[in-house]
Amino acid sequence: MDDTQSTAAVIGGSVSGFAAATGLFRRTGVDRVTVYERQEYDEKRVDCGEAINDSTLVPLEKTPENGFVNDVDGFQIRVYDGTDRPLDAPPLAKSNVRCEPGYICERPVVERRWAEELATRGVEFRTGRSVSPNDYADIVDSYDYIVDASSHPSLTLKARGTTREYTGDMVALNATVEGDFSAYANRPRIFFEGYVGYA
């Protein structure tokens, strides 16, 4: 890389990584952005997240060709007491959350099209190989800015050996994470996966 250029690496090429790459690419002073993604976009398997609650944040036209299938007014959140409950057990609570720019999406299509859009703007993609802790150390040494948008727990926490800790603001919590999350109790965008289940 050219030493006179300011560079940024995004680890994790999913929705949050694309949002970071989009923001970095627009930022004055960042000349080159590279996204690292362990999967290939033509073969990518997405395990969750087909609901996008604020589609205005995704810089794609909201068409089926871009993966935006159903325009919805909002979502219903249901909280259950665990994953081993009877399938017909009622939820502990439910809440209707209005979200006018919400969509149910084919997320692999959204991600593939967003990656294509970023690539046309000059964002470099390195796909098809996981970033190991050693690779991570090299990336940290090689770039001016690093955004860790990897999954839970993040690669940063894995590299530091602190996988049971989370930092910063949260949009989802896995059941294996321990700690006091009472400050997030009234935010409907927080879903407790596995332990209480969600819909």
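Read on for an overview of the structure. (Residues numbered from 1 in each chain as written. Predicted model: local features only at pLDDT ≥ 70, side-chain atom pairs only at ≥ 80, totals over all residues. Heavy atoms only, no water.)

**A few points about the sheet that holds strand β6 (residues 124-127)**
Sheet strands line up and pair through hydrogen bonds in the backbone, either parallel or antiparallel. Reading across the sheet, the four strands line up as β6-β2-β1-β7 and stay open at both edges, with parallel pairing between neighbours. Only two strands of the sheet have a single partner each, and these edge strands are β6 and β7 (145-148). Taking each pair of neighbouring strands and ignoring which way they run, the sheet shows an average axis angle of 15°. Both strand β1 (residues 7-11) and strand β2 (residues 32-37) contribute to a ladder of five bridges, which runs parallel. Bridge pairing links Val 10 to Val 35 in β2. Along the sheet, helix α1 (residues 15-26) makes contact with β1, β2, β6 and β7, crossing β1 at roughly 170°. (Pairing = 2+ DSSP bridges. Helix = DSSP H or I, 4+ residues; strand = E, 2+ residues; numbered from the N terminus. Axes fitted to C-alpha atoms, helices over the stretch in contact; angles between N-to-C directions. Contact = heavy atoms within 4.5 Å.)

**Comments concerning the environment of Arg 126**
Examined against the element boundaries, Arg 126 turns out to sit in strand β6. For the pair formed by Arg 126 and Glu 37, sequence separation is 89 residues and the distance between their alpha carbons is 6.3 Å. Polar side-chain contacts of Arg 126 include one of 3.1 Å to the side chain of Tyr 36. A polar side-chain atom of Arg 126 sits 2.9 Å from a polar atom in the side chain of Glu 124. (Polar contact = N/O pair within 3.5 Å; in protein donor to acceptor, adjacent residues only side chain to side chain.)

**A few points about the nonpolar core**
Val 10, Val 33, Val 58, Phe 68 and Val 110 are the most contacted members of the largest nonpolar core, which has 22 residues in total. Of all the secondary structure elements, the ones that give two or more residues to this core are β1, α1, β2, β5 (93-105) and α2 (107-120). Apart from the residues lying within four places of it in its own chain, the contact partners of Phe 68 are Ser 55, Val 58, Leu 60, Glu 61, Lys 62, Thr 63, Tyr 103, Ile 104, Cys 105 and Val 110. Residues Tyr 36, Val 131, Tyr 136 and Ile 139 belong to the second largest nonpolar core, which totals eight residues. (Core = buried A, V, L, I, M, F, W, Y, C linked by side-chain atoms within 4.5 Å. Buried < 20%, exposed > 50% of the residue type's maximum accessible area, 1.4 Å probe, protein only.)

**Here's the deal with the packing of α1 against α2**
With their axes 10 Å apart at the nearest point, α1 and α2 run at an angle of 20° to one another. Between α1 and α2, the angle falls in the class roughly parallel. Here α1 runs over α2; the crossing is left-handed. When α1 is examined against α2, the residues Val 15, Phe 18, Ala 19, Ala 21 and Thr 22 are found in contact with a partner set consisting of Arg 107, Glu 111, Trp 114, Ala 115 and Leu 118. Residues that form the contact of α1 with α2 fall into these classes: seven nonpolar, one polar and two charged. (Parallel < 35°, antiparallel > 145°, perpendicular 65-115°, else oblique. Left-handed = near helix turned anticlockwise from the far one by under 90°. Nonpolar A, V, L, I, M, F, W, Y, C, P; charged D, E, K, R; others polar.)

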